[in-house]
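Reading the structure
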Amino acid sequence: MKVTVVGAGNVGATCADVLAYREIANEVVLLDIKEGVAEGKALDIWQKAPINLYDTRTIGSTNDYEKTAGSDVVVITSGLPRKPGMSRDDLISTNAGIVKTVTENVIKHSPEAILIIVSNPLDVMTYQAHISSKFPRTRVIGMAGILDTARYRAFLAEELNVSPKDIQAVLMGGHGDTMVPLPRYTTVGGIPVTELVDAEKLEAIIERTKFGGGELVKLMGTSAWYAPGSAAAQMVEAIVRDQRRVFPVCIKLEGEYGIDDCYLGVPVILGKNGVEKVIELDLDKDEKELLATSRKHVLEVMAVLDK
Ligand SMILES: NC(=O)C1=CN([C@@H]2O[C@H](COP(=O)(O)OP(=O)(O)OC[C@H]3O[C@@H](n4cnc5c(N)ncnc54)[C@H](O)[C@@H]3O)[C@@H](O)[C@H]2O)C=CC1
Ligand SMILES: O=C([O-])CC(=O)C(=O)O
């Protein structure tokens with residue numbers, strides 16, 4: 001299996017590193033527009049192989065898409081990250097152009113690839129890659145839900161002083177302040193979270209999750225990369241190993257949840273064909289309202305792209 005990661009910055013290099021040391025692919029190509037950066041990081045990851053004991057070959061490329069030819073999965077992380085005071089939506093004008101060019105280049109050499117978009121604003125960049133590639137929606141998906149859910153699970157694990165492994169959760173909607181965590185579908189070792197955490201505390205954790213990206217931007221002056229890079233690698237793994245994992249991912253909705261015009265995070269089964277199935281939950285009235293608000297926000301940003 002061959003995987004390309006476009007963008008050798010913080011998220012892309014982390015993703016390539018996880019793909020390598022966990023031997024998720026045989027070959028990982030890291031590509032960046034900045035001279036030498038991808039080659040250097042790919043070489044550094046390769047030199048770690050004898051220490052961490054893996055044999056995934058990592059190859060770097062400065063904008064030479066020939067090297068990416070025949071990739072099974074392509075992860076697109078190229079684009080600006082936000083700085084303190086910015087919203088993800090503020091990145092649209094620069095990142096839309098980058099995602100468009102990158103997608104066009106990638107598909108010339110890997111026409112059968114599954115595309116995983118990471119660049120922000122996530123839902124709208126997934127839309128951009130979809131229109132630029134004209135691939136079926138099941139093969140153009142965005143990473144955000146695994147990250148947002150991981151933050152929510154990590155905060156809950158901290159609150160309850162239990163292993164994060166035992167927190168199961170699902171979260172829907174756009175990757176932004178309007179995301180929709182679903183406490184009704186959150187369990188701790190099979191126990192409904194509402195039996196273990198009081199309503200006020202749970203609400204505070206949900207609020208922290210919604211602004212989880214911003215919390216890190218404020219601390220570091222740029223956005224997160226360890227969890228985002230690992231989350232993208234986990235999606236790659238589900239695809240290349242045909243694991244049929246159930247994850248929230250961003251996909252174009254075509255009638256599911258009564259929505260047919262928007263890219264939103266929803267739970268799906270992820271396997272060798274990309275999205276094998278969109279899972280439709282029976283949302284209650286409040287959850288439907290939150291999802292409608294999220295859709296409205298994403299549609300507003302999609303409209304900026306359409307202009
Ligand atoms: N979906 C999500 O949950 C998350 C999304 N992000 C987004 O991921 C993107 C990348 O973030 P970082 O890695 O922290 O940024 P970074 O600045 O560290 O890396 C971005 C890389 O993209 C490269 N690049 C720019 N234009 C390119 C082009 N045309 N072709 C190839 N490479 C190009 C840059 O040279 C740079 O090395 C940002 O848009 C950020 O907002 C970050 C974290 C989570
Ligand atoms: O906050 C950002 O700009 C990056 C991102 O999407 C996240 O970490 O959730």
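A quick note: this is a predicted structure, and the numbers were derived from the prediction, not measured. (Residues numbered from 1 in each chain as written. Chains lettered and ligands numbered in written order. Predicted model: local features only at pLDDT ≥ 70, side-chain atom pairs only at ≥ 80, totals over all residues.)

1. Concerning helix H7 (residues 212-220)
For an α-helix the count is 3.6 residues per turn, leaving residues at separations of three or four pointing the same way. As a reminder of what qualifies: Labels follow a simple rule on C-beta atoms placed from the backbone: if 20 or more others lie within 10 Å of a residue's own, it is buried; if 12 or fewer, it is exposed; otherwise it is partly exposed. Runs of H or I in DSSP of at least four residues are treated as helices and runs of E of at least two as strands, each being numbered from the N terminus. Working definition: the arc comes from the directions between the helix axis and the C-beta atoms, pointing outward to the latter. Throughout, a residue-residue contact means that the two C-beta atoms, derived from backbone geometry, are no farther apart than 7 Å.
If you check which residues of H7 are buried, you get Gly212, Gly213 and Val217. The buried residues of H7 occupy one face: seen down the axis, they fall within an arc of 140°. Exposed and facing more than 90 degrees away from the buried side of H7 are Lys218 and Leu219. Buried positions along H7 lie against helix H5 (145-160) and helix H6 (199-210). The positive-phi residue at the C-terminal boundary of H7 is glycine 221, with phi of around 80°.

2. Things to note about the site of ligand 1
Applied cut-off: In this analysis, residues qualify as near a molecule or strand once their C-beta atom, positioned from backbone atoms, comes within 6 Å of it. For this classification, the nonpolar set comprises Ala, Val, Leu, Ile, Met, Phe, Trp, Tyr, Cys and Pro, the charged set comprises Asp, Glu, Lys and Arg, and every other residue, Gly included, is treated as polar. Residue ranges assigned to each domain were obtained from an automatic or database domain assignment.
With respect to spatial proximity, 35 residues lie near ligand 1, and among them Gly9, Val11, Ser78, Asn120 and Pro228 are the closest. Of all the secondary structure elements, the ones that give two or more residues to the shell around ligand 1 are helix H1 (10-21) and helix H3 (92-109). Broken down by element, the shell around ligand 1 gets its largest block of residues, four residues, from H3. Classifying every residue of the shell around ligand 1 by side-chain character gives 18 nonpolar, 14 polar and three charged. Each of domain 1 (2-142) and domain 2 (145-306) contributes no fewer than three residues to the shell around ligand 1.

3. Topic: the site of ligand 2
Not every one of the 13 residues close to ligand 2 is listed here, only the nearest: Arg82, Arg88, Gly213, Ser223 and Ala224. Here the element with the most residues in the shell around ligand 2 is H7; it accounts for four residues. The residue makeup of the shell around ligand 2, split by class, is six nonpolar, five polar and two charged.

4. Things to note about the pairing of strand E3 (residues 57-62)
Looking along a regular strand, one sees the side chains alternate between the two faces of the sheet. Quick note on the threshold: Note on pairing: two strands pair once DSSP finds at least 2 bridges between them. Note on handedness: a crossover is taken as right-handed if, strands pointing away from the viewer, the path from the first strand over the helix to the second is clockwise.
Here six bridges tie strand E2 (residues 27-32) to E3, and the two strands are oriented parallel to one another. From the neighbouring strand, valine 28 faces E3, where its bridge partner is threonine 58. Handedness of the crossover is the feature at issue here: the chain leaves E2, passes through helix H2 (residues 37-52), returns alongside E3, and the resulting connection is right-handed.

5. As for the UniProt feature "binding site: substrate" (unreviewed entry) in the chain
How we decide: UniProt positions are given in the numbering used here, feature names are shortened, and annotations may be inferred rather than shown by experiment.
According to UniProt, the positions carrying the feature "binding site: substrate" (unreviewed entry) are Arg82, Arg88, Asn120 and Arg151. When you line up the elements, arginine 82 lands in the loop between strand E4 (73-76) and H3. The residues contacting arginine 82, other than those within four sequence positions of it, are Arg88, Asp90, Leu91, Asn120, Val217 and Ser223. Relative to the assigned elements, arginine 88 resides in the loop between E4 and H3.

6. Looking at the pairing of strand E12 (residues 245-252)
Within E12, six of the eight residues are buried, leaving the element largely enclosed by the surrounding structure. Relative to strand E13 (residues 263-271), E12 runs antiparallel, the two sharing eight bridges. Directly across from valine 246, in E13, lies its bridge partner isoleucine 269.

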